[in-house]
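# Commentary on secondary and tertiary structure
For reference, the chains in residue letters:
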Amino acid sequence: MTKLTELNLHQALSGLAAGDFTSTELTQSYLNSIEAQNASLNAYLVVTGDKALEMARASDARRAVGNAGALEGIPLGIKDLFCTKGVRTTAASKILGEFAPEYESSVTTNLWRDGAVMLGKLNLDEFAMGSSNETSAFGNVTNPWKRKGSNVALTPGGSSGGSAAAVAAHMCLGATATDTGGSIRQPAAFTGTVGIKPTYGRCSRYGIVAFASSLDQAGPIARNVKDSAIMLQSMMGHDAKDSTSLNVAVPDLVAAMAKGVKGMKIGIPKEYRVDGMPEEIENLWQQGIAWLKDAGAEIVDISLPHTKYALPAYYIVAPAEASSNLARYDGMRFGARVEGVDLTDTYEKSRATGFGEEVKRRILIGTYVLSAGYYDAYYLRAQKVRARILEDFTNAWTKCDAILTPTAPSAAFGLGEKSDDPIKMYLNDVFTVTANLAGLPAISIPAALDVDGLPLGLQIIGKALDEETVYSVASVMEQAANFSARP
Amino acid sequence: MTQTSVPAYTAFKTARPDQWVKSVTGDWEIIVGMEVHAQVSAKSKLFSGASAAYGGDPNSHVAMVDAGMPGMLPVINKFVVEQAVKTGLGLGAKINLWSRFDRKNYFYPDLPQGYQISQYLYPIIGEGSLEVASEDGSMIMVGIERIHLEQDAGKSIHDLDPNSTYVDLNRSGCALMEIVSKPDIRSADEAANYFKNLRALVRYLETCDGNMDEGSMRADVNVSVRRPGGELGTRCEIKNVNSTKFVGMAVNYEARRQIEILEDGGTIDQETRLFDVKTGQTRTMRSKEDAHDYRYFPDPDLLPLILDEAWVENIRANLPELPAAMKARFQSQYGLSAYDADVLVADKEFAAFYEEVAKGRDAKIANSWMTVELFGWLNKNGKELSQSPIGAAALGGLVGLITDGTINGKIAKDVFAKMIETGDEAAVIVEREGLKQTTDTGAIEASIDALMATNPEKVAEAREKPKMLGWWVGQVMKATGGKANPAIVNEILKGKLGID
């Protein structure tokens, strides 16, 4: 029998259904895998072994009585931005201290409803602010991938670096993640995994520690497109506890995978050819275009003229919302508190000690752009840019059904390589932020290896609520790419 | 001059000369605008399912979202929205079918989210108006600028421990309506009456209980002074004034304070002030320089609030009778004066009480027994109508006995006192104590004859001075134990004494 951790999610579901092994055995294999690798990768902040085995046994009992859910017995990792009842939730920040919520996020509630098993909580950039997982208060995650012939430790990307690394290193069958400006897709691209950010409002934000509420959206990171579809289908759904949750039916994403792309129009936005983009990224993009053409799609050139304003607009809107969302971390009711001589001093000391540098930087930026006298010039203008970007896409949809772009402007870079230069770091999001600003679904799939043997991803952006087309295209690309490399 | 219609004050209309504050250097007029915070009557809070009831053990009415816990999200309470719309309709205001919630950011321990969710740019209710009595008896219209919904903060308790502040989050997240008037008020009396009428209105609508002791209604009063019709002065805002009386006192004190400063050649600093109920004075709370930058921006956790026009119309169709309409009805149906009707409709409870007392009885007698006798007793004893020992039905019973001539007014006062004392019904007391009015002319005549026989000199005097009749009536009433029907006594006396 092959090692259980070699099976992907949908194979494991079949094996469990056939009675080849139990969830308890499967879960134990993953706990062993975590045990073996986590010290070097630092993907898990908390491993909930006892809870995992308890959930696995309960799952086996359900299956025994013929009561199996869509993810029955599947061990998953949970990004530590999702509140999990009774389990310490940190957002990778010291300021949350020993906070263990009395409630469960709606997305994880959906996963447990469908029978999934929680292995533990996954590392991330502090409050999901970062593109390399280096801002975590609990140390960076290391990418299981290495450059050919090199031992240099690489970033798994961020902010969902723990999720991506754990999936790539087979420390779980899939992981939850969140994406505010590319935090699912860029790490997926850096680790050879599949990551999707669905349409804003598809996944409930209830119980997810907020970064930028109008941009935050949960999604899965998985080993392949089908696993991704199965997980996302469980995670999505209307939730009355989130006012921005969309009350629409959950589509059958696995079925959508089989639709093909024949006759479909795929848009190629000329503005995504940015200066200094490595030639191999451009080549990969051309390869992707060729695959889709071969599969019967029509390639159309499109223009998204406001793309160049997306990144600056994003770095105004996201910090603005964050500066307000993070005001609740004041040391008063929960989390870390450093006593000062008076109230103001206590606030200042608690927040100065509790937040890391990148979080502080964004709180300051956000506070600045919302200040009297600057609001119109920054926040309001950024909102106008946002409206233009949405308009760009609306116009594009008159010409095409989906858009193909690279996911990130480079492969995984070395840890510490960009951590001194926030602007360089922010540029990682250049291809991904537009989908957040416009609320559109976008997936990253592994497409090839670069000269150093590192994975590169391609991104497919779809119309709002049209995850089905995104999965149709992703499936075709996945087959064509036939990506089977392993770290 | 009689006013045929109610003048609508445009912004900064000049006050009537009789409202001017006379001073050594000339006249001044007072300009007042008010922001009234009214807690919305609702079972649960604006954005959470936690109880909005007053009181409760500290921190016992708190949902996770009210405590600002990570990942918790606000969900609008539809009933609260309905209450705001109802209030807007009661003020004849524009209902904004599209409104939006913003965040007002500041740090304080009783503000768990680090921001208050409020409606800054796009309030749910737009312009309306409220009719208010001025001190000369005329009615003025005070414009309503807007009403917006917002969250209340928790309560900081500073005096429980010398070194710590305690926080009770029971109020955190409760729904408030901020009702903002236009600066149409020109005197302390108008300000007090505005607050009074607004309270009456929300109580009629049952959108706010108006319990000022529980902080359900409090006013921020903006006061400035200027030379009549002259350039506007700098205003000061007096925070959290919580009674009709204090509103009037605060305006008077503040206007005089500002006039004094200006007449001494000084200038008014724009600042927020507190009203001290003990001294009746206002004092500085914070100056303009200390003003927060609240960094308002649209709350990304909430979608714009979009109302269905049919839903609004349905609320409009089901509005209860409001004070202005009820006042007009009381005047026509019960024949009451405008003043009397105004007193009764000032409070929904008064009006309902009155209608029960007056039902099938003499409406004017009912009014005087309620507003003079009962209110007099309640005032003297520091009680509210709700605490009255005599209920509406019981008072109605007494009025009924007067109306049908069973007892006269004088006896009724004794019966009233006994009702308070014993809690018994008027009819029971009258029966038990034999207080029925005597209409037996024979008995009355006999008692008059006896009195005339013993007081011949008074008989002569009365014939000279008809005013003596009062003395005679008093004697007869005394002799009959007050039970004689005064009209009959008058009649017979006049005949016997030969007075016309």
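Going by the structure above, here's the rest.
First things first, this report covers the structure right here in the doc. Predicted model only: the values in this text are computed from it and were never measured.

### Regarding unusual backbone geometry
Residue and element names in this part refer to chain A. In this structure, serine 159 follows glycine 158 across a cis peptide bond, with omega equal to 10 degrees. By the secondary structure assignment, serine 159 is in the loop between strand E3 (117–122) and helix H5 (161–168). With a phi angle near 55 degrees, phenylalanine 127 is a residue other than glycine that sits in the positive phi range. In this structure, alanine 128 takes a positive phi of about 65 degrees despite not being glycine. Assignment of secondary structure puts alanine 128 in the loop between E3 and H5. Take alanine 128: its relative accessible area is 2%, and that puts it in the buried class.

### Concerning the packing of aromatic side chains
The geometry of two aromatic rings is summed up by the distance between their centres and the angle between their planes. With the rule as written, the count across this model stands at 29 aromatic pairs over all chains. Taking 4.9 Å as the distance between ring centres and 55 degrees as the angle between the ring planes, the aromatic pair formed by phenylalanine 350 of chain B and phenylalanine 375 of chain B counts as tilted. A residue pair is termed long-range when its members are at least 10 positions apart, and phenylalanine 350 of chain B in helix H7 (residues 348–358) and phenylalanine 375 of chain B in helix H8 (residues 363–380) qualify at 25 residues. Its relative accessible area of 21% is what places phenylalanine 350 of chain B among the partly exposed residues. A relative accessible area of 14% means that phenylalanine 375 of chain B is categorised as buried. Taken together, the aromatic side chains of Phe99, Phe127, Tyr329, Phe334 and Phe355 of chain A make up a single cluster linked through ring pairs. Lying over the aromatic face of tryptophan 471 of chain B, lysine 458 of chain B brings its terminal NZ or CZ to 4.8 Å of the ring centre.

### Topic: the interface of chain A and chain B
Counting from both sides, the interface comprises 38 residues of chain A and, opposite them, 29 residues of chain B. Of the charged contacts in the structure, one is a salt bridge between aspartate 301 of chain B and arginine 205 of chain A, with a shortest N-O distance of 3.0 Å. The leading source of residues in the side of chain A that touches chain B is helix H10 (residues 310–325) of chain A, at five residues. Taken together, the residues that form the side of chain A that touches chain B break down as 20 nonpolar, 10 polar and eight charged.

### Thoughts on the layout of surface pockets
All names here are of chain B. In this model, the second largest pocket occupies a volume close to 960 Å³. Contributing to the lining of the second largest pocket are 26 residues, with Arg199, Met212, Asp347, Phe350 and Glu384 lying nearest its centre. Looking at the lining of the second largest pocket, the elements that each hand over two or more residues are helix H2 (188–205), helix H3 (244–263), helix H6 (338–345), H7 and H8. No other element matches the four residues that H2 contributes to the lining of the second largest pocket. Split by domain, the lining of the second largest pocket shows at least three residues from each of two domains, domain 1 (17–315) and domain 2 (323–433).

The rules behind the values
- Residues numbered from 1 in each chain as written.
- Chains lettered and ligands numbered in written order.
- Predicted model: local features only at pLDDT ≥ 70, side-chain atom pairs only at ≥ 80, totals over all residues.
- Heavy atoms only, no water.
- Helix = DSSP H or I, 4+ residues; strand = E, 2+ residues; numbered from the N terminus.
- Buried < 20%, exposed > 50% of the residue type's maximum accessible area, 1.4 Å probe, protein only.
- Phe/Tyr/Trp six-rings, centres within 6.5 Å; stacked < 30°, edge-to-face > 60°.
- Lys NZ or Arg CZ within 6 Å of the ring centre and 35° of its normal.
- Contact = heavy atoms within 4.5 Å.
- Salt bridge = Lys/Arg side-chain N within 4 Å of Asp/Glu carboxyl O.
- Nonpolar A, V, L, I, M, F, W, Y, C, P; charged D, E, K, R; others polar.
- 1 Å grid on protein atoms, 1.4 Å probe; cavity = no way out; pocket = protein on both sides within 12 Å on 5 of 7 lines; lining within 4 Å.
- Points joined across faces, edges and corners; volume = space filled by probe spheres on them.
- Domains from an automatic or database assignment.

Don't take any of this as a statement about function, it's just geometry.
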